[in-house]
Amino acid sequence: MTAQVAQVAQEQVPRTVPGARRRGRGAGALAVIAGCNAMIQLDDPIVNVALPGMREELGLSAVGASWVVNAYLLAFGGLLLLGGRAGDILGRRKVFIAGVGLFTAAASLRGLAPSGDLLVALRAVQGAGAALAAPSGLALLLSTFAEGASRKRAIAVCTTAGAVSTAGGLLLAGALTAFGSWRWVLFLDVPAGVAIMLLAPFVLDETARHRGRFDLAGALLSALAAAFLVYGLGRAAERPWTDPQVVGCLLAGAVLLAVFAAVERRAQQPIVVPRLFAGRDRLLAYLGTLAVPGALIGAYFFLNQHFQRQHGWSALAMACALLPLPVAMAVTAGFAVRLEQRVGARRLWAAGACLLVTGNVWLSTLGAGDAYAATVLPALVLLGAGMACGVLPPTVLATSRLRGDEAGAASSVLNSVQSVGGSIGLAALVTVAAHAGGMSGGFVAAAGFAGCALLAALFVRER
């Protein structure tokens, strides 16, 4: 009995580097993990900045251009669960480096792509690389930093790094597009990817491999379900919800998801551990994480169109205009851990959701002749601060109280929820904008997503 208790205790404690060596390597490990997170977050904004140039030079149709985005999303969303499980079985550092390598190799080739078809294929390869790197990176963070203040600070640093990279990347991408070529923009990820691959073996410790096998049936079903759902929601952003392709994809995704749940209940070593969905707070954290992307995505989507189409702003000017959002997010994230310690996770999360509601309602009043400084700037600051306060608590709750062999699965589920949440948010906002009030209606819908995150926060138990 004593040996069994010791074994369980050993599984529940993340394997970390002891003593001074762990402290010395902690900063380097955090820099590499945060750098990977920033690189992946930066990719979507810079691709969108480069998209008009791609269409013109490669002769892409509107559908072809959408596949430049969708190919990445389908591969990323479909392979996340498999990526997290691969890290648990094969070793998280190994899978992390492999994912970053795949992502970087595709990023270095896409800027040279002579055709749209090859560009779409490379974007799918990038999505696969991100699906390996993202959950393994978060799992490595969990195994490097113990639960408590140190882990919360590490998550806040990752949030800050993502916001700073988005801010700097938007400016650089806008400048390169304005004064150079869209191809230059697509190489921005390459130096970061190479640096991460070179540094990772020296600052990240390999985690212990957990005995097990790949749940191939679960992996296939989860990939297909996620792909159908993401694709259907992407189509819903361009077509009516009653469109046969939209309905068919969403229905197929829902059916596959139900089959996946049934298969996982019977699997000896499921790709998703059922215990992850047993606790109320963890479920609420997943729901909050699902809702938050919909509260932010409208600012980038609608404001870009509003100022570039109606006011004739350049990509560089628009990048500068959006800069207050990631800057506010980065600054607030630096204080989020101390705020959480003072007011508690539930209050901080609720406050962040309230800021997101207020910022979106403010933007819903934006008219054609309104000045940027009076209407848009304050709302962007509120959205940035709200994201920083609204991301840390659910992330901590979703990744707490895990056994050693559950970190990869928990990380991949969290990333999957974020990915699907972004697709749901964009589809819902575009639909509302098309049928109920244009851009103002879209921002009201975004405030609704923030309201859902607020409801989830209010039901979290005080700790």
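None of these values were measured; they are calculated from a predicted model. Position labels on residues start from 1 in each chain and follow its written sequence. Whole-chain, interface and lining totals are the exception, using all residues; otherwise, since this is a predicted model, local features are given only for residues with pLDDT of at least 70 and side-chain atom pairs are given and counted only at 80 or more. The side-chain figures draw on all heavy atoms in the structure; neither hydrogens nor water molecules are used.

## A closer look at helix α9 (residues 216–236)
Owing to its 3.6 residues per turn, the α-helix brings residues three or four apart onto one side.
Here's step 1: Helix numbering and strand numbering both begin at the N terminus, where a helix is a DSSP run of H or I of at least 4 residues and a strand a DSSP run of E of at least 2. Given the number of residues in a helix, its expected span is that number minus one, multiplied by 1.5 Å. Taking 1.5 Å per residue, 21 residues should reach 30 Å; α9 reaches 30 Å between its end C-alpha atoms and fits that length.
Here's step 2: Only protein chains enter the accessibility calculation, which uses a 1.4 Å probe; a residue is then buried when its area is under 20% of its type maximum, exposed when over 50%, and partly exposed in between. The buried fraction of α9 is high, at 15 of 21 residues.

## What about the packing of helix α11 (residues 280–310) against helix α14 (residues 345–363)?
Think of two packed helices as two axes; the pair is described by the angle between the axes and how far apart they sit.
Here's step 1: Where helices are involved, their axes are fitted lines through C-alpha atoms of the stretch in contact, as for all axes, and angles between N-to-C directions lie from 0 to 180°. At their nearest, the axes of α11 and α14 sit 11 Å apart, and the two run at 25° to each other. In terms of their interaxial angle, α11 and α14 are classed as roughly parallel. Between α11 and α14 lies a crossing of left-handed hand. Here α11 contributes L284, A285, G288, A295 and L303 to the contact with α14, which in turn contributes W349, L356, N360 and L363. Roughly parallel covers angles under 35 degrees, roughly antiparallel covers those over 145, roughly perpendicular covers 65 to 115, and oblique covers all other angles. Handedness of a helix crossing follows the sense of rotation of the near helix relative to the far helix, less than a right angle counterclockwise being left-handed and clockwise being right-handed. In what follows, a contact means two residues having at least one pair of non-hydrogen atoms within 4.5 Å.

## What about unusual backbone geometry?
Here's step 1: One non-glycine residue, R401, lies in the positive phi region at around 55°.
Here's step 2: Inspection of the secondary structure puts R401 in the loop between α15 (372–398) and α16 (407–435).

## Focus: the pattern of salt bridges
Here's step 1: Salt bridges are counted wherever a side-chain nitrogen of Lys or Arg sits within 4 Å of a carboxyl oxygen of Asp or Glu. Scanning the model with the defined rule gives seven salt bridges in all.
Here's step 2: Put simply, R110 and D43 hold a salt bridge, and the shortest N to O gap is 2.8 Å. Residue R110 is located in helix α4 (residues 92–110), and its partner D43 is located in helix α2 (residues 19–58); the two are separated by 67 residues in the primary sequence.
Here's step 3: Overall, the relative accessible area of 1% leaves R110 in the buried class.
Here's step 4: Overall, D43 belongs to the buried group, its relative accessible area being 1%.

## A short note on the nonpolar core
Here's step 1: What we call a nonpolar core is a set of buried Ala, Val, Leu, Ile, Met, Phe, Trp, Tyr and Cys residues that are connected through their side-chain atoms within 4.5 Å. Ranked by size, the top nonpolar core spans 125 residues in total, and within it I40, M54, V68, F96, L141, L204 and L303 carry the most contacts.
Here's step 2: Sorting elements by how many residues they give to this core places α2 first, with 16 residues.

## A word on the side chain of S412
Here's step 1: Tracing the chain through its elements places S412 in helix α16.
Here's step 2: Under the relative-accessibility criterion, S412 is labelled buried at 0%.
Here's step 3: The residues touching S412, leaving out its near neighbours within four places in the chain, are L80, L81, G84 and P135.

## Section: the environment of Q245
Here's step 1: Within the secondary structure, Q245 sits in helix α10 (residues 244–266).
Here's step 2: Taking the C-alpha atoms as reference points, Q245 and R235, separated by ten residues in sequence, lie 7.7 Å from one another.

## Considerations on the packing of aromatic side chains
Here's step 1: We call Phe, Tyr and Trp rings a pair once their centres come within 6.5 Å, taking the six-membered ring for Trp, and we label the pair stacked below 30 degrees between planes, edge-to-face above 60, and tilted otherwise. With the rule as written, the count across this model stands at eight aromatic pairs.
Here's step 2: Their ring planes at 25° and their centres at 4.4 Å tell us that F307 and W313 sit as a pair that is stacked.
Here's step 3: Its relative accessible area of 27% is what places W313 among the partly exposed residues.
Here's step 4: Ring geometry for F307 and Y372: centres 6.2 Å apart, planes at 75°, overall edge-to-face. One end of the pair, F307, is in helix α11; the other, Y372, is in helix α15, with 65 residues separating them in the sequence.

## Here we look at the confidence of the model for the chain
Here's step 1: Averaged over every residue, the pLDDT of the chain is 84; the share at 70 or more is 93%.
Here's step 2: What pLDDT conveys is the predictor's confidence in a given residue, as a value from 0 to 100. This stretch, residues 1–21, has a pLDDT under 50; its non-local contacts, to residues over four places away or in other chains, come to 18 contacts.

## As for the environment of L186
Here's step 1: Within the secondary structure, L186 sits in the loop between α7 (182–185) and α8 (189–203).
Here's step 2: We classify L186 as buried; its relative accessible area is 0%.
Here's step 3: C-alpha separation for the pair L186 and A130, spaced 56 residues apart in sequence, amounts to 16 Å.

## Remarks on α14
Here's step 1: When the terminal C-alpha atoms of α14 are compared, their 27 Å separation across 19 residues agrees well with the 27 Å that a helix rising 1.5 Å per residue should span.
Here's step 2: Turning to α14, its buried residues number three or more, namely A345, L348, W349, A350, G352, A353, L356, G359, N360 and L363.
Here's step 3: Residues of α14 that are buried sit in contact with α11, α13 (324–343), α15 and α17 (438–458).

## Some details on the packing of α16 against α17
Here's step 1: Relative to each other, α16 and α17 sit at 140°, their axes nearing to 7 Å. You can see that α16 and α17 cross each other, and the crossing is right-handed. Together, I424, G425, A428, L429, V432 and A433 of α16 and G438, M439, G441, G442, A445, A446 and F449 of α17 make up the contact between the two elements.
Here's step 2: Gly is placed with the polar residues, together with every amino acid not listed as nonpolar (Ala, Val, Leu, Ile, Met, Phe, Trp, Tyr, Cys and Pro) or charged (Asp, Glu, Lys and Arg). Across the contact of α16 with α17, the residue classes break down as nine nonpolar, four polar and no charged.

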